[in-house]
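Fold and contact review
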Amino acid sequence: MLLAADVGNTNVVFALFEGREIKARWRIATDPRRTGDEYAVWLLQLLEIEGVKREEITQIIYASVVPRANHNLNVLSEKYFGITPLIAGQGAAEWPFAIDVDQPSSLGADRALNILAAHDKYDGDLIVVDFGTATKFEAIDFNGTYKGGIIAPGINLSLDALVGKTAKLPRIAIRAPDDDSVIGRNTEDQMLIGIFWAHVAMMEGLIARMQAEIGRPAKIVATGGLAILFDEKTDIFDYVDADLTIQGLAILAEHATS
């Protein structure tokens, strides 16, 4: 079995694979101070609940956009599983696609995994939209080459800024509005409209501009925790693939050992 970990700015997602099939997944808040021992106490209990022995894990791979967390994941892998982990984007797990941008080394691991998995799973030119801490857009040509993208504030970051910089606006939950009206009749509805529909308008507008610049039909792939939420209110997505990033790790592990 393969144990994969995607370390994001907000959460770390662990997944257990047999081939490309996800057998189990777990999520924990990202904390660079969490030690390898602490990860092990948590993870080994979860494996036991799933009926998986640690000896059944034969390969570990992780991707991280939080460099301070890397040492502790190395300790987890080597001390508790006796495995030297593959690190996405390094060594044997170097990215197996062309990166046609000005600073290839600056491409985040999560974005690279989305690029890799999207091209593996879907044909033609693609635009991947990842709704995470930031909302990221990736342009991938039909050969799988990364051509560039966009980084915009995520919807929760936008809400944090709005609430944090005002004295009287309340904290609201992010959700799809009850209807399509964009004229709110109370403060909370007006905030939800301003946060949610503004994000939809940004997304649709940027995708339209990207498609025009690409000059060929491009399929739109949405991923990230909020992709399903936005899919309720827009028909712009061709595919909604919540597992795209973590599946990219399984695909990369195949490339690294082939």
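None of the values given here were measured: they were computed from a predicted structure.

1. Description of the packing of aromatic side chains
Taken as a whole and judged by the stated rule, the model has 8 aromatic pairs. Consider the rings of tryptophan 95 and phenylalanine 97, whose centres lie 6.3 Å apart with planes at 35 degrees: the pair is tilted. The exposure class of phenylalanine 97 is buried, given its relative accessible area of 14%. Where phenylalanine 196 meets tryptophan 197, the ring centres are 5.4 Å apart and the plane angle is 90 degrees; that geometry is what we call edge-to-face.

2. Things to note about the environment of arginine 27
Summarising the element assignment, arginine 27 is placed in strand E3 (residues 21-29). In the structure, arginine 27 is positioned 12 residues away from alanine 15 in sequence and 8.8 Å away in space, judged by C-alpha atoms.

3. Concerning the UniProt feature "binding site: K(+)" (unreviewed entry) in the chain
According to UniProt, the "binding site: K(+)" (unreviewed entry) feature falls on Asp130. Turning to its location among the elements, aspartate 130 is positioned in strand E6 (residues 125-131). Under the relative-accessibility criterion, aspartate 130 is labelled buried at 8%. In this structure aspartate 130 touches Asn114, Thr135, Lys136, Thr223, Gly224 and Thr245, once residues within four positions along its chain are discounted.

4. Remarks on helix H2 (residues 70-81)
Helix length check: H2 (12 residues) gives 16 Å between terminal C-alpha atoms against 16 Å at 1.5 Å per residue, within 8%. Taken as a whole, H2 has its buried residues at Asn70, Asn72, Leu73, Leu76, Ser77, Tyr80 and Phe81. Buried residues along H2 sit against strand E1 (2-7), strand E2 (11-18), helix H1 (36-49) and strand E4 (59-64). Note on H2: the residue one or two positions beyond its end, glycine 82, has a positive phi of about 65 degrees.

5. With respect to H1
With 14 residues, H1 extends 20 Å between its outermost C-alpha atoms, agreeing within 8% with the 20 Å of an ideal straight helix rising 1.5 Å per residue. Taken together, the buried positions of H1 are Gly36, Tyr39, Ala40, Leu43, Leu44, Leu46 and Leu47. The buried residues of H1 occupy an angular sector of 160 degrees when the element is viewed end-on, so they sit on one face. Residues Val41, Glu48 and Ile49 are exposed on H1 and point more than 90 degrees away from its buried face. On its buried face, H1 is in contact with E1, E2, E3 and H2. Directly beyond the C-terminal end of H1, a positive phi value near 75 degrees is found at glycine 51.

6. What about the nonpolar core?
The biggest cluster of nonpolar side chains holds 35 residues, and the ones touching the most others in it are Phe17, Ile61, Trp95, Phe97, Ile246, Leu249 and Leu252. Of all elements in the fold, only E1, E2, E4, helix H3 (109-121), E6 and helix H7 (244-257) reach the threshold of two or more residues within this core. Here the element with the most residues in this core is H7; it accounts for 8 residues. Core analysis: the next-biggest nonpolar cluster, separate from the first, contains 28 residues, Phe137, Ile193, Met210 and Ala222 among them.

7. Remarks on the pairing of E6
Of all the 7 residues making up E6, 7 are buried; the element is thus mostly covered by neighbouring parts of the structure. Along E6, one buried face is formed by Asp125, Ile127, Val129 and Phe131 and the opposite face, lined by Leu126, Val128 and Asp130, is buried too. Summarising the sheet, E6 and strand E7 (residues 134-140) pair through 6 bridges and their orientation is antiparallel. Within the sheet, the bridge partner assigned to aspartate 130 lies in E7 and is lysine 136.

About the cut-offs
- Residues numbered from 1 in each chain as written.
- Predicted model: local features only at pLDDT ≥ 70, side-chain atom pairs only at ≥ 80, totals over all residues.
- Heavy atoms only, no water.
- Phe/Tyr/Trp six-rings, centres within 6.5 Å; stacked < 30°, edge-to-face > 60°.
- Buried < 20%, exposed > 50% of the residue type's maximum accessible area, 1.4 Å probe, protein only.
- Helix = DSSP H or I, 4+ residues; strand = E, 2+ residues; numbered from the N terminus.
- UniProt positions renumbered as here; feature names shortened; annotations may be inferred.
- Contact = heavy atoms within 4.5 Å.
- Expected span 1.5 Å × (residues − 1).
- Arc of directions from axis to C-beta.
- Core = buried A, V, L, I, M, F, W, Y, C linked by side-chain atoms within 4.5 Å.
- Pairing = 2+ DSSP bridges.

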